[in-house]
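So you can see what is in the structure, the chains are spelled out below.
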Amino acid sequence: MVDEAGFEALVREQLLEPLRRYLARRTDPATADDVLADTLLVCWRRREELPEPALPWAYGVARHCLANAARSVRRQQRVAGRVATVDPPVEHPPQPGARDDALHDALARLGPDDAELLRLWAWEQLTPGEIATVLDVSPNAVSIRLTRARAKLREELGKVEAAAGHEEPGGGGR
Amino acid sequence: MSDLHDADDDRDLFDRLRAADPTTHLPDADPTRVDRLLEDVMSQTSTETTDTPTRNPLTWLVAAAAVVLIAVAGSLMFLGDDRVEPAPTAAEAPTVTELSLSGDGAGRCMVPSPDVLGGAAYGVDAEVIAVEGGTATLEPTQWYAGEETDRVEVAAGSADLAALIGAPRFEVGQRYLVAANDDGRVMVCGFSGPYTQDLADLYAEAFGS
């Protein structure tokens, strides 16, 4: 039985910061707040099933809650008569300092699955096994797709940077 | 290419991605807000006791946000679809808002007022797409209040009960305006019913859209 004290300790020590960061990387602060609450609520309701370690599973929950929140926003936009955009939502909020435009553009050219895979690998720094839990696929599938995603990113980076090179004679993109 | 070369490439890509992490300078969470968040979360008293994707019959007793969340938890059973698609796909379970008609407290009907209606936790313009075993399933076209879900289900009970408490009789293909309290109980006695211009005007006024 998972009691309140146990759950609170788990959240504070293992889940809160990583989940917060996961969401902050993928959506605006207001949505991130809402989805964090949704995610913790699901974890609380399903606390008897929380695996050990809980974080990869919790990332999976956050991912699903985030998808629902995004659908809800799009539906609201439709209801309000505004045209829903076809593009995926902004991947990350603008950051202070120099932005790696080439990387941002290259990532945008990958499909959402590949982009998410690369984020879980580099930002959340998860192992293939952990990523497998988040996405509910096999570790083997993760390894294969990750290798392919990295190759695709390199390819797109090459194209983006080559194009930048053409546009700016005598200089690189950065 | 040798494995070592690939490893170096991976390391470079990894580092470059990490440098683009938008949360490098993320401020710490406000401890007071964290405390409050945990309190709010743990004050929800019902637990998921089943793993099945079918709806827990107790869910309509649960507070507003949690109703939709139970459906989200149910849809986690379908995590085999690992794509986060822009539009809901057939592989993902639709989100559902579950409402019910309750026999108690019906008493006298008052004239529906926008003030009272405006306090409803749920308000929706929806069309009945199925009626089965005492439950009406509706497809929302517009939400006035409450978390938007793909479907609304109203546990309608018996037609006698419905008639007794002044509740709408749900017929497939008919459009309705439905309002409900945060415990999921549909507001009857003229607050919910088949779509009419008058009722729509009332909803518009009540929910300020």
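Residues numbered from 1 in each chain as written. Chains lettered and ligands numbered in written order. Predicted model: local features only at pLDDT ≥ 70, side-chain atom pairs only at ≥ 80, totals over all residues. Heavy atoms only, no water.

**Quick notes on the overall build of chain A**
To keep it simple, the criterion reads: Each helix is a run of H or I in the DSSP string that is no shorter than four residues. Each strand is a run of E no shorter than two, and both are numbered from the N terminus. Only protein chains enter the area calculation, which uses a 1.4 Å probe; residues under 20% of their type maximum are buried, those over 50% are exposed, and those in between are partly exposed. Working rule for contacts: check all heavy atoms of both residues, and any pair within 4.5 Å makes them a contact. With residues, only the protein chains shown are counted as cover, and all accessible areas are computed by Shrake-Rupley using a 1.4 Å probe.
Broken down by element type, chain A carries 7 helices and 0 strands. When the helices and strands of chain A are listed from N to C terminus, the series reads α-α-α-α-α-α-α. Per-residue burial for chain A yields a buried fraction of 48% across its 174 residues. Within chain A, counting contacts between residues at least 6 apart in sequence, those at least 24 apart form 65% of the total. If you sum the accessible surface of chain A, you get close to 8,600 Å²; carbon and sulfur atoms cover 54% of it.

**Structural notes on the overall build of chain B**
Tallying secondary structure elements over chain B gives 6 helices and 6 strands in all. Overall, chain B shows an N-to-C arrangement of helices and strands of α-α-α-β-α-β-β-β-α-β-β-α. Scored against the burial criterion, the 209 residues of chain B give a buried share of 41%. By sequence separation, contacts in chain B at least 24 residues apart represent 60% of the contacts at least 6 residues apart. Of the roughly 10,800 Å² that chain B leaves accessible, carbon and sulfur atoms contribute 52%.

**A few points about the packing of aromatic side chains**
Condition: Here a pair means two rings of Phe, Tyr or Trp (six-membered ring of Trp) with centres within 6.5 Å. Their orientation is stacked below 30 degrees between planes, edge-to-face above 60, and tilted elsewhere. Two limits define a charge over a ring: the Lys NZ or Arg CZ must be within 6 Å of the ring centre, and within 35 degrees of the ring normal.
Summed over all chains, the structure comprises 7 aromatic pairs over all chains. Look at Phe-7 of chain A and Trp-44 of chain A: their rings are 5.0 Å apart centre to centre, the planes differ by 65°, and that puts the pair in the edge-to-face class. Placement of Phe-7 of chain A in helix H1 (residues 4-24) and of Trp-44 of chain A in helix H2 (residues 29-45) is noted, with a sequence separation of 37 residues between them. Take Phe-7 of chain A: its relative accessible area is 0%, and that puts it in the buried class. Here the aromatic rings of Tyr-203 of chain B and Phe-207 of chain B are separated by 5.7 Å at their centres, their planes lie at 55°, and the arrangement is tilted. Residue Tyr-203 of chain B and its partner Phe-207 of chain B are both found in helix H6 (residues 197-207); the two are separated by 4 residues, about one turn of the helix. Each member of the pair, Tyr-203 of chain B together with Phe-207 of chain B, is buried. Linked through ring pairs, Tyr-144, Tyr-203 and Phe-207 of chain B together constitute an aromatic cluster. Taking the ring centre of Tyr-22 of chain A as reference, the NZ or CZ of Arg-26 of chain A above it sits at 3.7 Å. Just above the ring of Trp-44 of chain A sits the side chain of Arg-47 of chain A; from NZ or CZ to the centre is 3.6 Å.

**Observations regarding the environment of Ala-106 of chain A**
All names here are of chain A. Within the secondary structure, Ala-106 is located in helix H4 (residues 101-109). Sequence spacing of Ala-106 and Arg-154 is 48 residues, and the spatial spacing of their C-alpha atoms is 8.3 Å. Sequence-distant contacts of Ala-106, defined by excluding residues within four places in its chain, comprise Leu-153, Glu-156, Leu-157 and Val-160.

**Examining the pattern of salt bridges**
Threshold: Any Lys or Arg side-chain nitrogen located within 4 Å of an Asp or Glu carboxyl oxygen qualifies as a salt bridge.
Summed over all chains, the structure comprises 24 salt bridges over all chains. Glu-17 of chain A is paired through a salt bridge with Arg-20 of chain A; the nearest N and O atoms lie 2.6 Å apart. In this pair, Glu-17 of chain A and Arg-20 of chain A are both assigned in helix H1, 3 residues apart and thus about one turn of the helix distant. Note that Asp-183 of chain B is salt-bridged to Arg-185 of chain B, the shortest N-O span being 2.9 Å. A residue is classified by how much of its surface remains accessible, and Asp-183 of chain B, at 24% relative accessible area, is partly exposed. Residue class for Arg-185 of chain B comes out partly exposed when judged on its relative accessible area of 27%. Each of the salt bridges in this network shares a partner with another, and the network as a whole consists of Arg-25, Arg-26, Glu-116, Arg-119 and Glu-124 of chain A together with Asp-21 of chain B.

**Here we look at helix H5 (residues 112-122) of chain A**
Counting buried residues in H5 of chain A gives 9 out of 11 residues, a clear majority hidden from the surface. Taken together, the buried positions of H5 of chain A are Asp-114, Ala-115, Glu-116, Leu-117, Leu-118, Arg-119, Leu-120, Trp-121 and Ala-122 of chain A.

**Notes on the environment of Ala-120 of chain B**
Here Ala-120 of chain B shows up in the loop between helix H4 (114-118) and strand E2 (122-132). Along the chain, Ala-120 of chain B and Ala-179 of chain B lie 59 residues apart, while their C-alpha atoms are 6.3 Å from each other.

**Overview of the packing of H5 of chain A against helix H6 (residues 128-135) of chain A**
Residues and elements named next belong to chain A. Rule in force here: Between the N-to-C directions of two axes lies an angle of 0 to 180 degrees, each axis being a line fitted to C-alpha atoms and, for a helix, fitted only over the stretch in contact. The cut-offs work like this: below 35 degrees is roughly parallel, past 145 is roughly antiparallel, 65 to 115 is roughly perpendicular, and the gaps in between are oblique. The sense of a crossing depends on the near helix, which, turned anticlockwise from the far helix by less than a right angle, makes the crossing left-handed and, turned clockwise, makes it right-handed.
Two numbers describe how H5 lies on H6: the axes approach to 10 Å, and their chain directions differ by 135°. Between H5 and H6, the angle is such that the two are oblique. For the element pair H5 and H6, the recorded crossing hand is right-handed. Residues Leu-117, Leu-120 and Trp-121 of H5 form the contact with H6, whose participating residues are Ile-131, Val-134 and Leu-135.

**Digging into the pairing of E2 of chain B**
All names here are of chain B. Selection criterion: At least two DSSP bridges between two strands are required for those strands to pair.
Relative to strand E5 (residues 175-180), E2 is paired through 6 bridges, and the arrangement is antiparallel. Opposite Glu-127, over in E5, you have Arg-175 as the bridge partner. In this sheet, strand E3 (residues 135-145) lies alongside E2 in antiparallel orientation, the contact comprising 9 bridges. Following the sheet pairing, Ala-130 is matched in E3 by Thr-137. Between E2 and E3, which pair antiparallel and follow one another directly, the connecting turn spans 2 residues, one of which, Gly-133, has a positive phi of 55°.

In short, shape yes, function no, at least from these values alone.
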